[in-house]
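Architecture and fold: a report
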Amino acid sequence: MEHCTALMHALPDGMDAGLILSEHNRRYLTGFAATDGILLVTRTRAMLLMDSRYIEAAREEVRGCEVELLQNGVKQMEAFFKAEGVRTLGVESRELPVAELNRFRPLFPDITFDDGNALNDTILRLRMVKGTEELDAIRRAQVITDDAYKHILPFLKPGAAERDLALEIEYFMRQNGASGPSFDLIVVSGENSSRPHGVPGARKLQAGDFITMDTGAIVDGYCSDMTRTVALGFVTDEMRKVYDTVLAAQLAAEQALAPGKTGSEVDKIARDIIYGAGYEGCFGHGLGHSVGLQIHEEPRLSPACHETLQSGMMMTIEPGIYLEGRFGVRIEDLAVLTDNGCEILTQSPKELLVL
Ligand code: ZN
Ligand code: ZN
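Some thoughts on helix H8 (residues 162–175)
The end-to-end C-alpha distance of H8, which contains 14 residues, comes to 20 Å, matching closely the 20 Å that a straight helix rising 1.5 Å per residue would cover. The set of residues buried in H8 consists of Glu162, Leu165, Ala166, Ile169, Phe172 and Met173. The buried residues of H8 occupy one face: seen down the axis, they fall within an arc of 125 degrees. Pointing more than 90 degrees away from the buried face of H8 are the exposed residues Arg163, Asp164, Leu167, Tyr171 and Gln175. Buried residues along H8 sit in contact with helix H7 (132–152), strand S8 (186–189), strand S9 (210–215) and strand S10 (217–219). Gly177 lies just past H8 and shows a positive phi near 110 degrees.

See below:
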């Protein structure tokens, strides 16, 4: 089913129409990528207003939704509201800036704006379970990401700078079919690797470093996400213990990941292993997140997420241990939930690699 039709069927009670302005939700619902545009959805009709920069492509590509040239947005929206008998309009509470909402209200004095979370959460809920085409795009993005990892390993030599390695990975991804990286790629080494979202800098690799590479590509708008940590030259006993602990936590969580469990239950499995090995306080982030048009989507694998997991959801499994000012290790795979467990999309090996 077209995503737009799915929203028409799922439009929250008490709402005559939804106004969708955010880039990602609009793209999800119409399948069309554009920085701007106005999407209006009722239970029986959906209309996309696009300006002249996009109109030609939109008319060609958008399915399951009327497309109209945006000329006078207020008049066009008014006409739509009148034709469809719209009195209550839902907005994307989590996306629409307050200033925008305040600008809209006086323009449509006859409309009651519903700025609760119902519309936004309904769309988020639809986006949680991936369809065949979405899954296919993510699979292709992950293949490029695995290939980029294989490609970068020979570059990991003493003297190589973090930012040059990040650039080489991105260049490879784009050369191999990605439209771009799915976030600012992370390559951090040595003491920098204790920062989970460190920024690649001028630091040059040296023997005894852990190198954490968190990378992902975008294909057809969809993101992949993977982290591998490798060592250069040698590892100390402590480094090996940290690595083995993270890997054990990662494998146990993947084993447990299945529909019917909550995000917090799966998080706890990995967290217990890490804390039990003496690293309480060294794993500050959640175990994982969903991935789609955006790199971080709902639901999460975290102590705070009580969402029940379903088949078709995409999740990362990425435990880490970070010893401040010294080193860190994170291992991240991407998995899709299946009827009785999960399928790991990531193919890159996870055994400790000392280059
Ligand atoms: Zn990542
Ligand atoms: Zn991630």
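Still more ground to cover, so stick around.
Considerations on the coordination of the zinc ion (ligand 1)
Only Asp214 (OD), Asp214 (OD), Asp225 (OD) and Glu332 (OE) from the protein reach the zinc ion (ligand 1) as donors, at distances of 2.0 to 2.6 Å. Distance-wise, the zinc ion (ligand 2) is placed 3.0 Å from the zinc ion (ligand 1), both being coordinated by Asp225. Of this pair, Asp214 sits in strand S9 while Glu332 sits in the loop between strand S17 (327–330) and strand S18 (333–337); the two residues are 118 residues apart in sequence, bridging distant segments of the chain. The same class applies to Asp214 as to Glu332, namely buried.

Thoughts on empty space enclosed by the protein
By the definition in use, this model includes 1 cavity of 30 Å³ or more. Taken as a whole, the largest cavity spans an internal volume of roughly 40 Å³. Contributions of two or more residues to the lining of the largest cavity are made by H7 and S9. At 3 residues, the largest contribution of residues to the lining of the largest cavity is made by H7.

Thoughts on the side chain of Thr316
Structurally, Thr316 can be placed in strand S15 (residues 314–317). Taking relative accessible area as the criterion, Thr316 reaches 0% and is therefore assigned buried. Here Glu318 takes part through its side chain, which lies 2.9 Å from a polar atom of the side chain of Thr316. Leave out the neighbours within four places in its chain, and Thr316 touches Asp225, Leu287, Gly288, His289, Val291, Leu301, Glu332, Asp333 and Leu334.

Considering the packing of helix H1 (residues 3–10) against helix H6 (residues 118–128)
A pair of packed helices can be characterised by two numbers: the angle between their axes and the separation between those axes. Where H1 meets H6, the closest approach of the two axes is 10 Å, and the angle between their N-to-C directions is 135 degrees. Judged on the interaxial angle alone, H6 and H1 are oblique. Classified by chirality, the crossing of H6 by H1 is right-handed. Between H1 and H6, the contacting residues are Ala6, Leu7 and Ala10 on the first element and Leu119, Thr122, Ile123 and Leu126 on the second.

Some words on the domain arrangement of the protein
Under the domain assignment used here, the protein contains domain 1 (3–127) and domain 2 (132–344). Each of domain 1 and domain 2 has a C-alpha centre, and the two are 35 Å apart. Each partner contributes to the interface: domain 1 provides 6 residues, whereas domain 2 provides 8 residues. For the domain 1 and domain 2 pair, buried surface summed over both sides reaches about 710 Å², with 43% attributable to carbon and sulfur atoms. The tally of links from domain 1 across to domain 2 stands at 2 salt bridges. Arg125 is paired through a salt bridge with Glu307; the nearest N and O atoms lie 3.0 Å apart. Here domain 1 and domain 2 share 5 residue pairs in polar contact (both at pLDDT 80 or more) between them. Sorting the residues of the side of domain 1 that touches domain 2 by element identifies helix H2 (23–30) and H6 as the ones contributing at least two each. No other element matches the 3 residues that H2 contributes to the side of domain 1 that touches domain 2. Counted by class, the side of domain 1 that touches domain 2 contains 1 nonpolar, 2 polar and 3 charged residues.

Brief notes about the sheet that holds S8
Within the open sheet, the 3 strands sit side by side as S8-S9-S12. Their pairing is antiparallel. Only two strands of the sheet have a single partner each, and these edge strands are S8 and strand S12 (226–231). Ignoring which end each strand starts from, the neighbouring axes of this sheet average 10 degrees apart. With 4 bridges connecting them, S8 and S9 associate as antiparallel partners. When the bridges of S9 are listed, Ser189 appears paired with Ile211.

Digging into the coordination of the zinc ion (ligand 2)
In this structure, Asp225 (OD), His289 (NE2), Glu318 (OE) and Glu332 (OE) serve as the protein donors to the zinc ion (ligand 2), at separations of 2.1 to 2.2 Å. Coordination at the zinc ion (ligand 2) is irregular, judged from the 4 donor atoms that bind it and the angles of 77 to 148 degrees they form at the metal. As a motif over one chain, the donors of the zinc ion (ligand 2) read D-x63-H-x28-E-x13-E.

Some details on unusual backbone geometry
In this structure, the amide linkage connecting Glu298 to the following residue, Pro299, adopts the cis form with an omega of 0 degrees. Among the secondary structure elements, Pro299 is positioned in strand S14 (residues 297–301). One non-glycine residue, Asp220, adopts positive backbone phi at about 50 degrees. By the element assignment, Asp220 lies in the loop between S10 and strand S11 (222–223).

Basis of the calculations
Residues numbered from 1 in each chain as written. Chains lettered and ligands numbered in written order. Predicted model: local features only at pLDDT ≥ 70, side-chain atom pairs only at ≥ 80, totals over all residues. Heavy atoms only, no water. Helix = DSSP H or I, 4+ residues; strand = E, 2+ residues; numbered from the N terminus. Expected span 1.5 Å × (residues − 1). Buried < 20%, exposed > 50% of the residue type's maximum accessible area, 1.4 Å probe, protein only. Arc of directions from axis to C-beta. Contact = heavy atoms within 4.5 Å. Donors = N, O, S within 2.8 Å, 3.2 Å for Na, K, Ca; no water. 1 Å grid on protein atoms, 1.4 Å probe; cavity = no way out; pocket = protein on both sides within 12 Å on 5 of 7 lines; lining within 4 Å. Points joined across faces, edges and corners; volume = space filled by probe spheres on them. Polar contact = N/O pair within 3.5 Å; in protein donor to acceptor, adjacent residues only side chain to side chain. Axes fitted to C-alpha atoms, helices over the stretch in contact; angles between N-to-C directions. Parallel < 35°, antiparallel > 145°, perpendicular 65-115°, else oblique. Left-handed = near helix turned anticlockwise from the far one by under 90°. Domains from an automatic or database assignment. Buried area = accessible area lost by both parts, 1.4 Å probe. Salt bridge = Lys/Arg side-chain N within 4 Å of Asp/Glu carboxyl O. Nonpolar A, V, L, I, M, F, W, Y, C, P; charged D, E, K, R; others polar. Pairing = 2+ DSSP bridges. Tetrahedral: all angles 85-135°; square planar, octahedral: opposite > 155°, others 65-115°.

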